[in-house]
Amino acid sequence: MPCYCPACSDTPKPTYTEAFKRECLARYILTKDRRGRQYFYAGFAKHHGEPAARQLAVDVKDVYDGKSFYAKTTQALTGRRRRMVY
């Protein structure tokens, strides 16, 4: 079975991309309450740096607003916007 990651394939599958990984992480964060998100951001900033934590917060807002890869793909396939409920 071939590998579809960006390093091994000229045409990687969307789920193997960095953008999808960031969106998946953002969806996970949206399952947390406010205190849980703050705790997660603090730990993320400690390990990855403050700029990465700010970018993650932007990614979370984009997923919440429906501007994510998954939301755009769903809209393109079905012709309607999927309402993200968290």
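Quick caveat: nothing in here was measured; it's all calculated off a predicted structure.

Q: Explain the environment of lysine 32 to me, please; I cannot follow it from the model alone.
A: In this structure, lysine 32 sits in the loop between α1 (18-30) and α2 (34-48). The exposure class assigned to lysine 32 is partly exposed, which follows from its relative accessible area of 30%. Engagement of the side chain of lysine 32 in a polar contact is seen with the side chain of tyrosine 28, the distance being 3.1 Å.

Q: Hey, could you run me through the packing of aromatic side chains in this one?
A: The geometry of an aromatic ring pair is captured by two quantities: the separation of the ring centres and the angle between the planes. Across all of its chains, the model carries 3 aromatic pairs by this definition. Taking the centre distance of 6.4 Å and the plane angle of 65° together, the rings of tyrosine 4 and tyrosine 16 count as edge-to-face. Here tyrosine 16 lies in the segment before α1 and tyrosine 4 lies in the segment before α1, a separation of 12 residues in the sequence. Taking the centre distance of 6.0 Å and the plane angle of 65° together, the rings of tyrosine 28 and phenylalanine 40 count as edge-to-face. Of this pair, tyrosine 28 sits in helix α1 while phenylalanine 40 sits in helix α2, and the two are 12 residues apart along the sequence. One aromatic cluster in this structure is built from Tyr28, Phe40 and Phe44. Of note, lysine 13 hangs over the ring of tyrosine 4, and the distance from its end group to the ring centre comes to 4.4 Å.

Q: How do you make sense of the confidence of the model for the protein when you look at a structure like this?
A: Regions with low pLDDT should not have their predicted coordinates read in detail. Taken over all residues, the pLDDT of the protein has a mean of 81, while the share at 70 or more is 78%. When the elements of the protein are averaged for pLDDT, helix α4 (residues 69-78) gives the smallest value, 56, and α2 the largest, 95.

Q: I would appreciate a short explanation of the pattern of salt bridges in the present structure.
A: Opposite charge on two side chains makes pairing possible when the charged atoms of those side chains draw close. Tallied over the entire structure, the rule returns 4 salt bridges. A salt bridge links lysine 21 to glutamate 18; the nearest nitrogen and oxygen atoms lie 3.5 Å apart. Placement of both lysine 21 and glutamate 18 in helix α1 is noted, with a separation of 3 residues, approximately one turn of the helix. The shortest N-O distance in the salt bridge between aspartate 59 and arginine 22 comes to 2.8 Å. Of this pair, aspartate 59 sits in helix α3 (residues 50-65) while arginine 22 sits in helix α1; the two residues are 37 residues apart in sequence, bridging distant segments of the chain. Using a relative accessible area of 35% as the deciding quantity, one classes arginine 22 as partly exposed.

Here is what the cut-offs are and how they apply
Residues numbered from 1 in each chain as written. Predicted model: local features only at pLDDT ≥ 70, side-chain atom pairs only at ≥ 80, totals over all residues. Heavy atoms only, no water. Helix = DSSP H or I, 4+ residues; strand = E, 2+ residues; numbered from the N terminus. Buried < 20%, exposed > 50% of the residue type's maximum accessible area, 1.4 Å probe, protein only. Polar contact = N/O pair within 3.5 Å; in protein donor to acceptor, adjacent residues only side chain to side chain. Phe/Tyr/Trp six-rings, centres within 6.5 Å; stacked < 30°, edge-to-face > 60°. Lys NZ or Arg CZ within 6 Å of the ring centre and 35° of its normal. pLDDT = per-residue confidence, 0-100. Salt bridge = Lys/Arg side-chain N within 4 Å of Asp/Glu carboxyl O.

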